[in-house]
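Listed below are the residues making up each chain.
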Amino acid sequence: MPSKIVSVDAGSPAARAGIAAGDALLSIDGYPVRDVLDYKFYSYDSHLRLEVSGADHCTRSVTVRKGEGEPLGLNFESYLMDQMKRCSNHCVFCFIDQLPKGMRRSLYVKDDDARLSFLMGNYISLTNLSEEDVQRILRMHISPVNISVQTTNPALRCKMLRNPRAGESLAIMERFAEGGITMNCQLVVCEGLNDEAELSRSLYDLKRLYPAVHSISVVPFGMTRHREGLYPLKATTPEGARRCLAITEAFAEECWAELETRLAWCADEFYLKAGKPLPDAGFYEDFTQFENGIGMLSLFAEEFRLALPDYAGKSARPFTIATGTAAAPLLQELLDEARAVCHNLEYQIIAVRNDFLGEGVSVAGLITGQDLIAQIPGRRCGKRVLISENMLRGGGDVFLDDYTPEQVGKVLGAAIVPVKIDGADLLAKIFENDTCGSSM
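Residues numbered from 1 in each chain as written. Predicted model: local features only at pLDDT ≥ 70, side-chain atom pairs only at ≥ 80, totals over all residues. Heavy atoms only, no water.

(A) Quick look at the sheet that holds strand β8 (residues 145–148). The strand order β7-β8-β9-β10-β11 describes an open sheet built from five strands, whose pairing is parallel. Two strands close off the open sheet at either side, each with one partner strand: β7 (123–124) and β11 (264–266). Taken together, the seven bridges between strand β9 (residues 183–189) and strand β10 (residues 213–220) define a ladder with parallel strand orientation. The residue of β10 that forms the bridge with C185 is I216. (Pairing = 2+ DSSP bridges. Helix = DSSP H or I, 4+ residues; strand = E, 2+ residues; numbered from the N terminus.)

Written out as structure tokens, the structure reads:
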């Protein structure tokens, strides 16, 4: 289906060539444009011939000259220029299946789209890739690709993903490695399924594909209280967390000695659950899987401590920090350090219990507006409540439960101040003169 153009950037190469909103892009240099990957790949060169169809359905050829790699300046009806590929798995650990009913429809969408893996960093299972998809990734050298592996045991992978293709699709990783495609892999550990010996097997199997396998994250299964009728799983235990850490860190030390990279890292949650100190930021090398919760708290602490001397002797208006139960102890430690060098810091840190999804969910990013409202009233907020910006949907307009920062701030009688996942930004927001965020 032709990709309809909804707007053309002023002064762009496409605008200079006479392409307008309402036209449809058919091909570039004779290659059909089916989606955003075709568009980006074939539009890279400096001299292009585009086939477009106008509102009158007449096709014309347009020559475009531009800088190599310069965007054409076309905007389409959807980012992918195509339908999103939905997940065909029924994973026993799926977080979306554990969401309560009645939330906005977009929260229940399960994507498993290789294009979003490359463009947005999403993780895919490989189970719905056609042979044509695989060949295109290899031909275009679409890299890196983020892959939810879970286990390299084919039978166990079929069981965990509840998809008969799940075991077969592991062979695609071999083809990607041979084709020079970089892969970042994820193992979601469910106690009693893919932990212990199975975890060790998966780590060593993936190591065989190094350097194509660039990183491996080992993350715990996230369990909400909404698991009625789902596969019987148990939440990660402190003992289980310690076992995962021992296996992964021993493997990582071998890799460091042999490959000069640890290759695999455990999520911060495992350290917190196990009651073990977080490694220093340098442990995480290039933080490839930062967004997956790997080294996030260690880097945050380092950024905070490096920026803290700039605020020595300064004072700030009273404030409250509301965060998840996982990060609250570290934030308390960091703010105690700040209080020792700053002037009359007045603050409180509230570890918000996740009543909406269940106490097993301890990360800040899944705290809802209603839990903030329920657990902060009656306390002194200092007229501003600092929260992690990942509590809010992209764009910062609503919490997971569709409460807006304005609604929460009105009830609390305080401004809601989103903070980047950056220790230096936390200090900047604490000491800024003008309140940023939503007020009453």
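(B) Geometry of the pattern of salt bridges. Scanning the model with the defined rule gives 27 salt bridges in all. Linking E131 and R175 is a salt bridge whose minimum nitrogen-to-oxygen distance equals 2.8 Å. Remark: R175 occurs in helix α6 (residues 170–178) and E131 occurs in helix α4 (residues 131–140); sequence separation between them is 44 residues. The exposure class assigned to E131 is partly exposed, which follows from its relative accessible area of 40%. Three or more residues joined by partner-sharing salt bridges are found here, namely R34, D35, D38, D82, D113, R115, E132 and R136. (Salt bridge = Lys/Arg side-chain N within 4 Å of Asp/Glu carboxyl O. Buried < 20%, exposed > 50% of the residue type's maximum accessible area, 1.4 Å probe, protein only.)

(C) Representation of unusual backbone geometry in the model. A cis amide bond, omega 5°, links S143 with the succeeding residue P144. For P144, the location among the structural elements is in the loop between α4 and β8. Of note, the amide linkage connecting Y210 to P211 takes the cis form, showing an omega dihedral of 10°. Residue placement: P211 occurs in the loop between α7 (197–207) and β10. A positive phi angle is found at E196, which is not glycine, with a value near 50°. Position of E196 relative to the elements: it lies in the loop between β9 and α7. A relative accessible area of 39% means that E196 is categorised as partly exposed.

(D) Main features of the environment of A14. Relative to the elements of secondary structure, A14 occurs in helix α1 (residues 13–16). A14 gets classed as buried once you look at its relative accessible area, which sits at 0%. Measuring from C-alpha to C-alpha, the distance between A14 and E239 comes to 59 Å, with 225 residues separating the pair along the chain. Once residues within four sequence positions are removed from consideration, A14 is found in contact with V8, I19, L72 and L74. (Contact = heavy atoms within 4.5 Å.)

(E) Structural detail: α4. By the burial criterion, the buried members of α4 are D133, V134, R136, I137 and M140. In a view along the axis of α4, the buried residues occupy a sector of 165°, so they form one face of it. Turning to α4, the residues buried within the fold contact α2 (36–42), α3 (114–120) and α6. Where α4 terminates, the next one or two residues include H141, which has phi positive at roughly 55°. (Arc of directions from axis to C-beta.)

(F) Spotlight on the side chain of T261. Within the fold, T261 resides in the loop between α8 (238–259) and β11. Among the polar contacts made by the side chain of T261, one reaches the main-chain amide nitrogen of L263 at a distance of 3.2 Å. In contact with T261, other than residues within four places in its own chain, are Y210, A252, C255, W256 and E285. (Polar contact = N/O pair within 3.5 Å; in protein donor to acceptor, adjacent residues only side chain to side chain.)

(G) Region of interest: the confidence of the model for the protein chain. Per-residue confidence for the protein chain gives a mean pLDDT of 93; residues scoring 70 or more make up 98%. Scored below 50 in pLDDT, residues 434–440 makes 20 contacts in the model with residues more than four places away or belonging to other chains. (pLDDT = per-residue confidence, 0-100.)

(H) Up close: the packing of aromatic side chains. Under the criterion given, the structure shown has nine aromatic pairs. Each ring, one from F41 and one from Y42, has its centre 5.1 Å from the other, and the planes form 80°; the classification is edge-to-face. Judged by centre distance (5.2 Å) and plane angle (80°), the ring pair of F283 and Y284 falls under edge-to-face. Side by side, F283 and Y284 carry an identical accessibility label, which is buried. Following the ring pairs from residue to residue traces out a cluster consisting of F283, Y284, F287 and F290. Note that R262 overlies the ring of W256, its terminal NZ or CZ placed 4.7 Å from the centroid. (Phe/Tyr/Trp six-rings, centres within 6.5 Å; stacked < 30°, edge-to-face > 60°. Lys NZ or Arg CZ within 6 Å of the ring centre and 35° of its normal.)

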